[in-house]
Amino acid sequence: MIRSAEPTLAALWEKVDQGQRLSLEDGLFLWRSDVDLNTLGRMANLVRQRKNGRLAFYNINTHLNPTNVCVYRCTFCAFRADLRDPRGYRMSDEQILARGQEALDHGCTEMHIVGGLHHQMRYDDYVHIIRILHDAYPTLHLKAWTAVEINWFQHLTKKPVRAILEDMIEAGLGSLPGGGAEIFHPEVRHRICEHKADASAWLDVHRTAHELGLRTNATMLYGHIEKPFHRIDHLIRLRELQDETGGFQTFIPLAFHPQNTGLDHLKKPSGVFDLRTMAISRLMLDNFPHIKAYWVMLGIGTAQAALSFGADDLDGTVRHELIYHDAGAHTPEMLTVEQIRRLIEETGHQPVERDTLYRRVIRSGSQWQIGEPVSAGC
Ligand code: V47
């Protein structure tokens with residue numbers, strides 16, 4: 001077997017400079033503590049600027065979590081509830097439609113819909129949620145159901161993934177969010193969410209979605225029990241699928257928040273850990289057009305700094321976020337458009353409002369229309 005030479009910082013700089021792909025060994029080298037944060041930031045920023053220049057994206061969005069009741073008991077989750085738990089809820093059609101109206105009244109272009117796998121909800125109930133929202137508010141992009149939920153619908157219906165996605169598209173689904181990926185490697189996945197869709201099921205849902213023309217996102221939950229090897233392995237599995245399909249838009253590293261979870265003995269990752277993860281993600285995922293610094297979970301200051309450590313997107317103005325706030329996030333409930341634009345401008349980047357599919361949004365008063373796709377050099 002021919003072994004590649006031991007990575008050095010100079011060799012990695014050379015590779016990044018020339019736009020060459022980094023290997024598993026390179027990725028592990030970047031996690032060594034003697035590779036300082038500034039160097040990592042400079043490398044990641046080079047790639048970020050090459051792909052997206054000085055642009056930093058945001059959207060105007062809202063969240064909908066139709067239920068928090070969940071058959072699974074992922075140890076990192078503070079949001080889920082048991083069926084008979086007084087915290088458990090399931091929203092009515094009226095409540096769901098009221099959220100759609102509120103989104104429209106506030107200029108939202110996207111609704112991000114995910115929730116628990118409710119013991120008593122049928123597959124048709126999930127299709128119905130998409131259908132009533134899309135019928136009532138056809139301009140609102142519905143980014144809905146993680147691959148874990150799609151996998152659960154497979155379990156409920158015994159239908160293939162493709163048929164489920166086709167039903168959802170017919171009802172009005174616009175794209176898939178990136179949740180449920182956690183850490184793919186079984187050494188970790190079996191300890192934090194042993195029952196839910198494994199790596200190959202998660203990736204297969206996204207592969208099928210891409211084949212059907214849906215765009216999707218990808219995430220990684222970091223800063224709990226995983227090691228650098230598991231993080232790099234996770235990124236490489238995503239990069240390989242992206243080579244195959246090109247259907248991923250953005251990667252979102254998600255920092256673990258321990259409060260109210262089964263892992264509450266762990267500490268939340270530090271800002272330095274967050275920025276290293278952001279930078280290494282940008283460097284490893286050479287075929288992903290965008291990297292998102294989700295301000296709700298990073299906190300505002302770290303999200304701003306992340307724009308110079310590889311990230312080019314802050315997610316949205318956000319309304320009704322529960323998953324992070326239930327797990328102890330101290331970030332505001334939402335930002336105004338003026339606030340998010342100012343946060344971006346303070347970092348020396350140029351704010352651009354995008355829709356879910358990374359097309360420019362052009363606003364005039366309360367009206368908006370979709371412009372050109374933003375071109376990310378990928
Ligand atoms: O899959 C759950 C994570 C994800 C905790 O696609 C937690 O644009 C930290 O996927 N601490 C859901 N993380 C959120 C998500 C997402 C967020 C923003 C944008 C997009 C997108 C997707 O949140 C879950 C899980 O990985 N999560 N609990 C916790 N205590």
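Note: the structure precedes this text.
A quick note: this is a predicted structure, and the numbers were derived from the prediction, not measured.

1. Focus: the site of the ligand
Consideration 1: Around the ligand sit 23 residues, and of these Lys143, Gly180, Glu182, Lys292 and Tyr324 come closest.
Consideration 2: One of the side-chain nitrogen or oxygen atoms of Asn217 is found 3.0 Å away from an oxygen atom of the ligand.
Consideration 3: With respect to the ligand, the side chain of Lys292 contributes an N or O atom lying 2.8 Å from an oxygen atom.
Consideration 4: A total of 610 Å² of accessible area belongs to the ligand in isolation, and the protein chains cover 95% of it.
Consideration 5: Every element with two or more residues in the shell around the ligand is listed here: strand 6 (215-222), strand 7 (248-255) and helix 14 (323-326).
Consideration 6: Broken down by class, the residue content of the shell around the ligand amounts to 11 nonpolar, 8 polar and 4 charged.

2. Description of the nonpolar core
Consideration 1: With 111 residues, the main nonpolar core has Trp145, Trp202 and Leu238 as its most contacted residues.
Consideration 2: For this core, the element with the highest residue contribution is helix 5 (residues 123-136), accounting for 7 residues.
Consideration 3: If near-sequence neighbours (up to four positions away) are discounted, Trp202 is found in contact with Ala147, Val148, Gly178, Gly179, Gly180, Ala181, Phe184, Ala197, Asn217, Ala218, Leu238 and Phe248.
Consideration 4: Counting 5 residues, the second largest nonpolar core, distinct from the first, contains Phe57, Val352, Tyr358 and Val374.

3. A few points about the pairing of strand 2 (residues 61-64)
Consideration 1: Of the two faces of strand 2, the one lined by Asn61 and His63 and the one lined by Thr62 and Leu64 are each fully buried.
Consideration 2: By the bridge criterion, 4 bridges tie strand 2 to strand 3 (residues 110-113) in an arrangement that is parallel. Within strand 3, the residue paired with Leu64 across the bridge is Ile113.
Consideration 3: For the segment spanning strand 2, helix 4 (residues 93-105) and strand 3, crossover handedness is right-handed.

4. Re unusual backbone geometry
Consideration 1: Phi at Val318 is positive, roughly 65°, even though this residue is not glycine.
Consideration 2: Mapped onto the elements, Val318 comes out in the loop between strand 9 (313-316) and helix 14.
Consideration 3: On the basis of relative accessibility, which here comes to 0%, the residue Val318 falls in the buried class.
Consideration 4: A positive phi angle, near 60°, is found at Tyr358, a position not held by glycine.
Consideration 5: Along the chain, Tyr358 falls in the loop between strand 10 (350-353) and strand 11 (359-364).
Consideration 6: Classification of Tyr358 as buried rests on a relative accessible area of 4%.

5. Comments concerning the state of the cysteines
Every disulfide links exactly two cysteines, by a covalent bond between their sulfur atoms.
Consideration 1: Summed over all chains, the structure comprises 0 disulfides.
Consideration 2: Lacking any disulfide linkage, Cys74 is separated from the closest cysteine sulfur, that of Cys193, by 5.0 Å.
Consideration 3: According to the relative accessible area criterion, Cys74 is buried, its value standing at 12%.

6. Focus: helix 15 (residues 337-346)
Consideration 1: Within the span of helix 15, buried status applies to Ile340, Leu343 and Ile344. Considered in projection along helix 15, the buried side chains sweep an arc of 95° and stay on one side of the axis. Exposed and oriented more than 90 degrees from the buried face of helix 15 are Glu338 and Glu346.
Consideration 2: As for helix 15, its buried residues are in contact with strand 1 (55-59), helix 12 (295-298), helix 13 (300-306), strand 9 and strand 10.
Consideration 3: Backbone geometry just downstream of helix 15 places Gly348 in the positive-phi region, at approximately 85°.

7. Considerations on the packing of aromatic side chains
Consideration 1: Counted by the stated rule, this structure contains 12 aromatic pairs.
Consideration 2: Taking the centre distance of 5.9 Å and the plane angle of 80° together, the rings of Phe57 and Tyr358 count as edge-to-face. You can see Phe57 sitting in strand 1 and its partner Tyr358 sitting in the loop between strand 10 and strand 11, a full 301 residues away along the chain. Pair check on accessibility: Phe57 and Tyr358 agree, each one buried.
Consideration 3: Consider the rings of Tyr72 and Trp152, whose centres lie 6.0 Å apart with planes at 75°: the pair is edge-to-face. With a gap of 80 residues between them, Tyr72 in the loop between strand 2 and helix 4 and Trp152 in helix 6 (residues 147-157) connect regions that are remote in the sequence.
Consideration 4: On the basis of relative accessible area, Tyr72 is assigned to the buried category, the value being 12%.
Consideration 5: An aromatic cluster of three or more residues is present, and its members are Phe184, Trp202, Phe248, Phe251 and Phe288.
Consideration 6: Just above the ring of Trp31 sits the side chain of Arg231; from NZ or CZ to the centre is 4.1 Å.
Consideration 7: Between Arg354 and the ring centre of Tyr358, over which it is positioned, the NZ or CZ distance is 4.4 Å.

Conventions adopted
- Residues numbered from 1 in each chain as written.
- Predicted model: local features only at pLDDT ≥ 70, side-chain atom pairs only at ≥ 80, totals over all residues.
- Heavy atoms only, no water.
- Near = heavy atom within 4 Å.
- Polar contact = N/O pair within 3.5 Å; in protein donor to acceptor, adjacent residues only side chain to side chain.
- Areas by Shrake-Rupley, 256 points an atom, 1.4 Å probe, with all protein chains shown as cover.
- Helix = DSSP H or I, 4+ residues; strand = E, 2+ residues; numbered from the N terminus.
- Nonpolar A, V, L, I, M, F, W, Y, C, P; charged D, E, K, R; others polar.
- Core = buried A, V, L, I, M, F, W, Y, C linked by side-chain atoms within 4.5 Å.
- Buried < 20%, exposed > 50% of the residue type's maximum accessible area, 1.4 Å probe, protein only.
- Contact = heavy atoms within 4.5 Å.
- Pairing = 2+ DSSP bridges.
- Right-handed = clockwise from strand over helix to strand, strands pointing away.
- Disulfide = S-S within 2.5 Å.
- Arc of directions from axis to C-beta.
- Phe/Tyr/Trp six-rings, centres within 6.5 Å; stacked < 30°, edge-to-face > 60°.
- Lys NZ or Arg CZ within 6 Å of the ring centre and 35° of its normal.

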